[in-house]
Amino acid sequence: IQPVEGKYTIQFFAEENRFAGVGECNHLTATYTTNDKHELVLENAGMTRMMCPNQEAENAFFEMLDKVTHYEMDRDMMILLSNGTLVAIMKAQKR
């Protein structure tokens, strides 16, 4: 999935252990847990269900998030992994 301004983003709210994601036109919210082994578990997910112009890419994005089991950080890059297999690299942006 190619980056698009304001789309295909994820955001972590550490104070609340809350996660938010934006696809092509839908939004996902969930709670998350992590530990010192960099395991990442998304739970209690809720998502809007609008039809999107690029539904295939959006489905792939949310399916990828569902597979994430671990993460690594490399400066401003968050590397998302599924049982050791790279699934995505997300670049941090200042807000």
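In this text, all values refer to a predicted model and were calculated from it rather than measured experimentally. (Residues numbered from 1 in each chain as written. Predicted model: local features only at pLDDT ≥ 70, side-chain atom pairs only at ≥ 80, totals over all residues. Heavy atoms only, no water.)

### A short note on the packing of aromatic side chains
Link 1 in the chain: Across all of its chains, the model carries four aromatic pairs by this definition.
Link 2 in the chain: Both rings, one in Phe12 and one in Phe19, keep their centres 5.1 Å apart while their planes meet at 65°; by these two values the pair is edge-to-face.
Link 3 in the chain: Overall, the relative accessible area of 27% leaves Phe12 in the partly exposed class.
Link 4 in the chain: Ring centres of Phe12 and Tyr32 lie 5.1 Å apart, and the angle between their planes is 85°; this geometry places the pair in the edge-to-face category. Placement of the pair is Phe12 in strand β1 (residues 9–13) and Tyr32 in strand β3 (residues 27–34), with a sequence separation of 20 residues. (Phe/Tyr/Trp six-rings, centres within 6.5 Å; stacked < 30°, edge-to-face > 60°. Buried < 20%, exposed > 50% of the residue type's maximum accessible area, 1.4 Å probe, protein only. Helix = DSSP H or I, 4+ residues; strand = E, 2+ residues; numbered from the N terminus.)

### A few points about the layout of surface pockets
Link 1 in the chain: Each pocket or cavity is described by its volume, and for the second largest pocket that value is around 220 Å³.
Link 2 in the chain: Looking at the second largest pocket, it is lined by 13 residues, and the ones nearest its centre are Leu28, Ala45, Phe62, Leu65 and Asp66.
Link 3 in the chain: At the level of elements, β3, β4 (40–47) and α1 (55–67) are the ones that each hand at least two residues to the lining of the second largest pocket.
Link 4 in the chain: Considering only residue class, the lining of the second largest pocket consists of nine nonpolar, one polar and three charged. (1 Å grid on protein atoms, 1.4 Å probe; cavity = no way out; pocket = protein on both sides within 12 Å on 5 of 7 lines; lining within 4 Å. Points joined across faces, edges and corners; volume = space filled by probe spheres on them. Nonpolar A, V, L, I, M, F, W, Y, C, P; charged D, E, K, R; others polar.)

### Some remarks on the pattern of salt bridges
Link 1 in the chain: Applying the stated criterion across every chain, the model contains three salt bridges.
Link 2 in the chain: Lys7 is the salt-bridge partner of Glu24, the closest N and O atoms lying 3.7 Å from each other. Taken together, the residues Glu24 in the loop between β2 (18–22) and β3 and Lys7 in the segment before β1 connect sequence positions 17 residues apart.
Link 3 in the chain: With a closest N to O distance of 2.7 Å, Lys91 and Asp76 form a salt bridge. A residue pair is termed long-range when its members are at least 10 positions apart, and Lys91 in strand β7 (residues 85–91) and Asp76 in the loop between β5 (70–74) and β6 (77–82) qualify at 15 residues.
Link 4 in the chain: The exposed category is assigned to Lys91, whose relative accessible area is 53%. (Salt bridge = Lys/Arg side-chain N within 4 Å of Asp/Glu carboxyl O.)

### A closer look at unusual backbone geometry
Link 1 in the chain: A positive phi is found at Asn44, a non-glycine position, where the angle reads about 55°.
Link 2 in the chain: Considering the arrangement of structural elements, one finds Asn44 in strand β4.
Link 3 in the chain: Under the relative-accessibility criterion, Asn44 is labelled exposed at 67%.
Link 4 in the chain: With a phi close to 55°, Arg75 is a non-glycine residue in the positive phi region.

The values reported here are purely geometric and, on their own, carry no functional implication.
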